[in-house]
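What follows is the residue order along each chain.
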Amino acid sequence: GIGEEALFRGFLQPWIANWGGLGAALLVTNLIFGSLHLISLPYGFMAFGVGIYLSILQIASGNLLVPVITHAVYDFIGLVYLVRFTKATGALTSSPSGDEPQSAG
């Protein structure tokens, strides 16, 4: 999250804002952000929305640390959800040696 926020909110967004204004910066920066998270179409749209939210946090606070921390919390919640979902569904994962699938539970 630190690298993403430094790139998108710390570099790309201000650069585009200087070139095309704040609206263009929010749209273009977060279209790229969403596109790079295009695991599925719904997830890409969600990432676009999260990116807009992170951009607004950065603009409102004037501090890049605010979206960095928010991004870290978002990633942590996603990982907790993934672990719980995997355990609840008994989804298959690779074994540590990579030989054969085994139950995650």
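The structure this text deals with has already been given above.
In this text, all values refer to a predicted model and were calculated from it rather than measured experimentally.

1. Some details on the environment of L31
Step number 1: If you trace the backbone, L31 turns up in helix 2 (residues 22-36).
Step number 2: Take L31: its relative accessible area is 45%, and that puts it in the partly exposed class.
Step number 3: Counting along the chain gives 21 residues from L31 to I52, while the straight-line C-alpha distance between them is 9.3 Å.

2. Quick notes on helix 4 (residues 65-89)
Step number 1: Under the 1.5 Å per step criterion, the end-to-end length of helix 4 is 36 Å for 25 residues, consistent within 8% with the ideal 36 Å.
Step number 2: Within the sequence span of helix 4, burial applies to P67, V68, H71 and T86.
Step number 3: Immediately beyond the C-terminal end of helix 4, within one or two residues, lies G90, with a positive phi of roughly 65°.

3. Observations regarding the layout of surface pockets
Step number 1: For the largest pocket, the calculated volume is near 170 Å³.
Step number 2: Along the walls of the largest pocket sit E4, F33, H37, Y43, M46, A47, V50, H71, Y74, D75, G78 and L79, which together make up its complete lining.
Step number 3: Within the residue set of the lining of the largest pocket, elements represented by two or more residues are helix 3 (41-61) and helix 4.
Step number 4: At five residues, the largest contribution of residues to the lining of the largest pocket is made by helix 4.
Step number 5: Along the lines of polarity and charge, the residues of the lining of the largest pocket split into seven nonpolar, three polar and two charged.

4. So, the packing of helix 2 against helix 3
Step number 1: Between helix 2 and helix 3, the shortest axis-to-axis distance is 8 Å and the interhelical angle comes to 140°. As summarised for this structure, helix 2 and helix 3 are arranged oblique, according to the angle between their axes. Seen from above, helix 2 lies across helix 3 with right-handed handedness. From helix 2, L22, L26, L27, N30, L31, F33 and G34 reach across to helix 3, where they touch G44, A47, F48, G51, I52, S55 and I59.
Step number 2: In terms of residue class, the contact of helix 2 with helix 3 is built from nine nonpolar, five polar and no charged.

5. Remarks on the pattern of salt bridges
Step number 1: Under the definition given, this model contains one salt bridge.
Step number 2: A salt bridge links E5 to R9, with the nearest nitrogen and oxygen atoms 2.7 Å apart. In this pair, E5 and R9 are both assigned in helix 1 (residues 2-20), four residues apart and thus about one turn of the helix distant.
Step number 3: In this structure E5 comes out as buried when scored by relative accessible area, which is 0%.
Step number 4: Given a relative accessible area of 0%, R9 falls into the buried group.

Basis of the calculations
- Residues numbered from 1 in each chain as written.
- Predicted model: local features only at pLDDT ≥ 70, side-chain atom pairs only at ≥ 80, totals over all residues.
- Heavy atoms only, no water.
- Helix = DSSP H or I, 4+ residues; strand = E, 2+ residues; numbered from the N terminus.
- Buried < 20%, exposed > 50% of the residue type's maximum accessible area, 1.4 Å probe, protein only.
- Expected span 1.5 Å × (residues − 1).
- 1 Å grid on protein atoms, 1.4 Å probe; cavity = no way out; pocket = protein on both sides within 12 Å on 5 of 7 lines; lining within 4 Å.
- Points joined across faces, edges and corners; volume = space filled by probe spheres on them.
- Nonpolar A, V, L, I, M, F, W, Y, C, P; charged D, E, K, R; others polar.
- Axes fitted to C-alpha atoms, helices over the stretch in contact; angles between N-to-C directions.
- Parallel < 35°, antiparallel > 145°, perpendicular 65-115°, else oblique.
- Left-handed = near helix turned anticlockwise from the far one by under 90°.
- Contact = heavy atoms within 4.5 Å.
- Salt bridge = Lys/Arg side-chain N within 4 Å of Asp/Glu carboxyl O.

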